[in-house]
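Single-letter residue listing:
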Amino acid sequence: MKDILHPRAATDDHPLTKIALSAIAIGFLILFLFMPLLSVFSEALAQGWRMAWDALREPDAVAAIKLTLLVAAIAVPANMVFGLAAAWCIAKFDFRGKHFLITLIDIPFSVSPVVAGLVFVLIFGLQGWMGQWLRDNDIKIVFALPGIVLATIFVTFPFVARELIPLMVDQGRDEEEAAVSLGASGWSTFFRVTLPNIKWALLYGVLLCNARAMGEFGAVSVVSGHIRGLTNTMPLHVEVLYNDYQYVGAFAVASLLALLALVTLTLKSLLEWRFAGELAASGRH
Amino acid sequence: MSLVIESVAKKFDRFAALKGVSLTAPTGSFMALLGPSGSGKTTLLRILGGLEFADVGHIDFEGLDWLSLPARERRAGFVFQQYALFRHMTVAKNIGFGLSIRPRKTRPTRAEIARRVEELLTLVQLDGLGGRFPSQLSGGQRQRVALARALAIEPRMLLLDEPFGALDAKVRKDLRHWLRGLHERLGLTTIFVTHDQEEALELADLVAVMNQGQIEQIAAPAELRASPATPFVADFLGQALDNTGIVPIRTMAPKQSSQRTGDASHVA
């Protein structure tokens, strides 16, 4: 009787196994994700709201926040376009060297950001290949905004492309061909067929790209030159403050960074929840 | 007035998909491109639709230099094997797509588009399903949406790539008869690709048997059965007779033979 009332699943494991596995997973999450996050916020607020707030309003911190937002505002749209173009040509065309191109896109994932930063210094720095010419023409790239933007674009390049390629390959060219045979121009095919089909993956890629762009440390650290109030982004500012034993300030700025990441994640979950039906229809997640 | 294809050839890398194909079909005919996979039939269909480009050759359709027209200006209604419905649009939006993307000057009003969509839904027997998404339809229903979408642009010709390939046997039979009836009503020049001999012989009034990038024979089904031009044709059609048995084909014969021999003499 009992067995009939409580039907067993075919994949039934011992209850202890389930509990043990869940406990390990949750314990891991708490230890490595929630605890650090919590400690960042608690350190920031260790001496009260006022101290944390003042640390954020201090001119160097404001400059760092502004610079980070500016860099993200340039790098993210640029990578949205680059990523879209790369994914488009990989998914919709056949050509020689396609696999090589896919490997190239992955380089920023496999190369240490510090190396990436050094490459830019080597090319655009004073002693670099283009250094003389740049100085003659009074163009500043390294230790200035353009260098930071370049390094950020390099490091965050794969996010959008990587997110789009599998989806676009999977969707194939049929719908675009159908649109063209129905009389659609290239632009209306893109905006009315291609883009709606990939919008969620694109948004997801852009959000990830943005999170990384604001948080990038290594590559930016090499090309920025650490000029306070001028070329320090938020992650660099955190390091500077921390090295100066200004813990409240360091953790306050770090909290802000973490908060931006949380907002990104919340935004993504919210959109996923709101448009669950459409997501299912476009065959994603 | 007719469709005239002259020595069309196409290579993919080193593989010759079409090795100089020529054929003539009268306007309004219902033609099957029949052959095994790799025979070039789909390539020829895609060239007609403007989705693939011939390396050499010439195609004239009703006085138009067909190959010089870009796909979007040909008004060739193309029905894809997997239907290629726009998955993020409702059935109604799918069907109305071809009208809604026209340049403003020639675009019908919103109400006019809605009316056309309703008409087409009735034509393909999908009344009331305009608000559904493609993922909520059965295979046979999707097929008919794809057809309605292609018909919405008032196509000059209708191109169907393995139109029944993805459907189960029962639905396939029904749709086949329905499509034949639709063709008789609309009189559109219709070309479909199939590897199924029975389907080609039963449905089309002109069958082009293709093999390795060439047309082995083009004739009406009755003539094809009576006098296959090459051993390949005899062999390929022989399989059809063996598989399906002689009886069902004989029972069909009286009804269709008169009409088809008529077409055959017309073509010749």
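Here's what I pulled together on the structure shown here. Keep in mind that this is a model prediction, so the values were computed, not measured.

### A look at the pairing of strand β6 (residues 76–79) of chain B
Residue and element names in this part refer to chain B. Every second residue of β6 is oriented toward a common face, with Ala 76 and Phe 78 on one face and Gly 77 and Val 79 on the other, all of them buried. As paired elements, β6 and strand β7 (residues 157–161) share 4 bridges and run parallel to each other. Bridge pairing links Gly 77 to Leu 158 in β7.

### Overview of the side chain of Ser 221 of chain A
Residue and element names in this part refer to chain A. Tracing the chain through its elements places Ser 221 in helix α11 (residues 218–224). Judged by its relative accessible area of 18%, Ser 221 is buried. Apart from residues lying up to four places away in sequence, Ser 221 is in contact with His 226 and Leu 236.

### Brief notes about the interface of chain A and chain B
The partner chain B presents 21 residues to the 19 residues of chain A that form the contact. Surface buried jointly by chain A and chain B totals about 1900 Å² across both partners, of which 59% is contributed by carbon and sulfur atoms. A per-residue breakdown of the area chain A buries against chain B is headed by Ser 181, Leu 182 and Arg 192 of chain A, which together make up 33% of the total. Across the contact surface, chain A and chain B share 2 salt bridges. Ionic pairing is found between Glu 175 of chain A and Arg 87 of chain B, a salt bridge with its closest N-O pair at 2.7 Å. Joining chain A to chain B, the criterion identifies 5 residue pairs in polar contact (both at pLDDT 80 or more). Sorting the residues of the side of chain A that touches chain B by element identifies α9 (174–181) and α10 (186–215) of chain A as the ones contributing at least two each. The element best represented in the side of chain A that touches chain B is α9 of chain A, accounting for 7 residues. Of the residues that constitute the side of chain A that touches chain B, the class distribution is 8 nonpolar, 7 polar and 4 charged.

### Description of helix α13 (residues 247–274) of chain A
Its 28 residues give α13 of chain A an end-to-end C-alpha distance of 39 Å, which sits within 8% of 40 Å, the value for a rise of 1.5 Å per residue. Buried residues of α13 of chain A: Val 248, Gly 249, Ala 250, Ala 252, Val 253, Ala 254, Ser 255, Leu 257, Ala 258, Thr 264 and Lys 268 of chain A, and no others.

Thresholds applied
Residues numbered from 1 in each chain as written. Chains lettered and ligands numbered in written order. Predicted model: local features only at pLDDT ≥ 70, side-chain atom pairs only at ≥ 80, totals over all residues. Heavy atoms only, no water. Buried < 20%, exposed > 50% of the residue type's maximum accessible area, 1.4 Å probe, protein only. Helix = DSSP H or I, 4+ residues; strand = E, 2+ residues; numbered from the N terminus. Pairing = 2+ DSSP bridges. Contact = heavy atoms within 4.5 Å. Buried area = accessible area lost by both parts, 1.4 Å probe. Salt bridge = Lys/Arg side-chain N within 4 Å of Asp/Glu carboxyl O. Polar contact = N/O pair within 3.5 Å; in protein donor to acceptor, adjacent residues only side chain to side chain. Nonpolar A, V, L, I, M, F, W, Y, C, P; charged D, E, K, R; others polar. Expected span 1.5 Å × (residues − 1).

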